[in-house]
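Report on the structure
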Amino acid sequence: MSMVPLSGSAPVESKPTMKSDRGGIPVRHLILIGACYMDTILTVPSFPEEDSKLRATELQVRRGGNCPNTLEVFQQLLSSLPSNSNSATAVGQDESCSGPGRRGSESTNKPTAYLVSSLPDREAPATNKILSSFGASVVDNDSRGGHDDTDPRSRINFDHCLYRAGHQEPASSYIIRSSATQSRTIVNYNELAEMTTDEFIKIVKTFVDDPNGSGGDSWWHFEGRIPTTTLQCIRHLRHVLPSSCISVEIEKPKREGLDRLAAEADVVFYSRTWAESRGYTGPEACLRGEAISPGPSLMLCTWGEQGVSGLFPSGGGEWEYMQYRAKLSGGDISVVDTIGAGDTFIAGMLFGLVCHTHDWSQQERLAFATELATKKVQIDGFAGLLG
């Protein structure tokens, strides 16, 4: 699989300095904030008519949610880094106890990744099932603080998840996937309380108070679920951890206030659905229409078979536009499973931005993430993306 620039997309000879590049300062902590679901996926020959009965051809139950999916892919990518990459210690842990070799290759960086999500009670079977889906176990998150960083089963830290006492059931999604059209119809149910601003402030305080002094070397990615709450969280980060980077996903059209989140972020991921709801007919129109100065240092928009576009300031008030699509040497892409393709793209971009700060250009990051998402739609689930 190779990446080719679309017509009119000139290669970028050098990348400008922008906050998402952090001026050479490595990111030690990558924190993703978003909902975690258990997905029940029914594959059917075609979408059923109302008040009808239809036999499914396949049933799958797996953990879902935008940020959890992104982290599942991201931990695979982390495992691909050389063992001498710069590695980070989880907040609250003594860096001197991290073992030898924690400071390694200057070309790649290996941060600690965290999930912040509302989950059922700590002792609920559903919670154990969710954590196990990452390769973790309950013992990884006990009172000792943090998971075992040497445990190959999981590279994700769950200490900052919000365990809702007394709740046994997770947030749930029921997905009807049509074999005829590859459409996905999703019905959600969630009785778990969403994260509040006060809860987020307490989480951030653990990074502010980090005894290793690395709390500011952090990247915070928001799903953008509750725009009013997310905006307060972003502004709090700007106040107490001003050196941190912030990215946000702008996906659901009916969530009022998402544009305000984009204006506050360093990196923005726009979905095609959101762009079309704003009247844009293509990714370049969306990015140029939403570009503001000062504003994000990198804007991205996925557009299905048309690939992915990016826009970033190149200096002097000008913007550099780039666009990529996957081109298979063997012919057309065989679509198997599109669920989580956007989450996979975000994982690829975050991997490039956070782990390859020095040695990848913006176009190289975009190419890598697009290739990764293209490979994802050709397999079922996320396992074996790097195989």
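Anything mentioned here points back to the structure above.
In short, a report on the structure. Just so it is clear, the structure is predicted and the values come from calculations on it, not from any experiment.

Re the overall build of the chain
If you tally the helices and strands in the chain, you get nine helices and 18 strands. Buried positions account for 52% of the 387 residues belonging to the chain. Residue pairs in contact within the chain that sit at least 24 positions apart in sequence constitute 69% of those at least 6 positions apart. Carbon and sulfur atoms provide 51% of the accessible area of the chain, an area that totals close to 17100 Å².

Things to note about helix H4 (residues 227–240)
The end-to-end C-alpha distance of H4, which contains 14 residues, comes to 20 Å, matching closely the 20 Å that a straight helix rising 1.5 Å per residue would cover. Its buried side turned inward, H4 meets helix H3 (197–208), strand E13 (218–222), strand E14 (245–250) and helix H5 (258–264).

Overview of the packing of H3 against H4
Relative to each other, H3 and H4 sit at 25°, their axes nearing to 10 Å. Relative to H4, the element H3 is oriented roughly parallel. In this structure, H3 meets H4 at a crossing whose hand is right-handed. In this structure, H3 uses Thr197, Phe200, Ile201, Val204 and Val208 to contact H4, whose residues at the interface are Thr229, Gln232, Cys233, His236, Leu237 and Val240.

Things to note about unusual backbone geometry
The phi angle at aspartate 51 is positive, at roughly 60°, despite the residue not being glycine. Relative to the helices and strands, aspartate 51 resides in the loop between strand E3 (37–44) and strand E4 (58–64). At glutamine 182, a position not held by glycine, the phi torsion is positive, near 65°. Relative to the helices and strands, glutamine 182 is located in the loop between strand E11 (171–178) and strand E12 (184–189).

Some details on the pattern of salt bridges
Enumeration according to the criterion identifies 16 salt bridges in this entry. For aspartate 337, the salt bridge goes to lysine 376, with nearest N and O atoms at 3.3 Å. A residue pair is termed long-range when its members are at least 10 positions apart, and aspartate 337 in the loop between strand E18 (318–327) and helix H8 (341–355) and lysine 376 in helix H9 (residues 362–376) qualify at 39 residues. Judged by relative accessible area, aspartate 337 falls into the buried class, the value being 0%. Bridged by salt links that share partners, the residues Arg62, Arg177, Asp337, Lys376 and Asp380 form one connected network.

Remarks on helix H2 (residues 125–132)
The complete set of buried residues in H2 reads Ala126, Thr127, Ile130 and Leu131. Buried residues of H2, seen end-on, are gathered within an arc of 135° and therefore sit on one face of the element. Looking at the packing, one finds that the buried side of H2 touches E3, E4, strand E8 (118–119) and strand E10 (162–163).

Topic: the sheet that holds E11
Here four strands make up an open sheet; going across it, the order is E4-E3-E11-E12 and the pairing mixed. Lying at the two open borders of the sheet, with one neighbouring strand each, are E4 and E12. Strand after strand, the sheet turns through a mean of 20° between neighbouring axes, direction not considered. Pairing of E3 with E4 involves seven bridges; the strand directions are antiparallel. Each residue of the ladder has a partner; that of threonine 40, found in E4, is valine 61.

What to know about the environment of alanine 285
Following the sequence through the fold, alanine 285 ends up in helix H7 (residues 283–290). Under the relative-accessibility criterion, alanine 285 is labelled partly exposed at 37%.

Focus on the packing of aromatic side chains
Under the criterion given, the structure shown has 11 aromatic pairs. The interplanar angle of 55° and the centroid separation of 5.2 Å between the aromatic rings of phenylalanine 134 and phenylalanine 158 together place this pair among those described as tilted. In this pair, phenylalanine 134 is assigned in the loop between H2 and strand E9 (156–157) and phenylalanine 158 in the loop between E9 and E10, connecting sequence segments 24 residues apart. Note on accessibility: phenylalanine 134 and phenylalanine 158 belong to one class, buried. Ring centres of tryptophan 360 and phenylalanine 368 lie 5.1 Å apart, and the angle between their planes is 50°; this geometry places the pair in the tilted category. Accessibility expressed as a relative area gives 24% for phenylalanine 368, which makes it partly exposed. One aromatic cluster is present, formed by Tyr114, Phe200, Phe207, Trp220 and Phe222 through successive ring pairs.

What counts, and where the lines are drawn
- Residues numbered from 1 in each chain as written.
- Predicted model: local features only at pLDDT ≥ 70, side-chain atom pairs only at ≥ 80, totals over all residues.
- Heavy atoms only, no water.
- Helix = DSSP H or I, 4+ residues; strand = E, 2+ residues; numbered from the N terminus.
- Buried < 20%, exposed > 50% of the residue type's maximum accessible area, 1.4 Å probe, protein only.
- Contact = heavy atoms within 4.5 Å.
- Areas by Shrake-Rupley, 256 points an atom, 1.4 Å probe, with all protein chains shown as cover.
- Expected span 1.5 Å × (residues − 1).
- Axes fitted to C-alpha atoms, helices over the stretch in contact; angles between N-to-C directions.
- Parallel < 35°, antiparallel > 145°, perpendicular 65-115°, else oblique.
- Left-handed = near helix turned anticlockwise from the far one by under 90°.
- Salt bridge = Lys/Arg side-chain N within 4 Å of Asp/Glu carboxyl O.
- Arc of directions from axis to C-beta.
- Pairing = 2+ DSSP bridges.
- Phe/Tyr/Trp six-rings, centres within 6.5 Å; stacked < 30°, edge-to-face > 60°.

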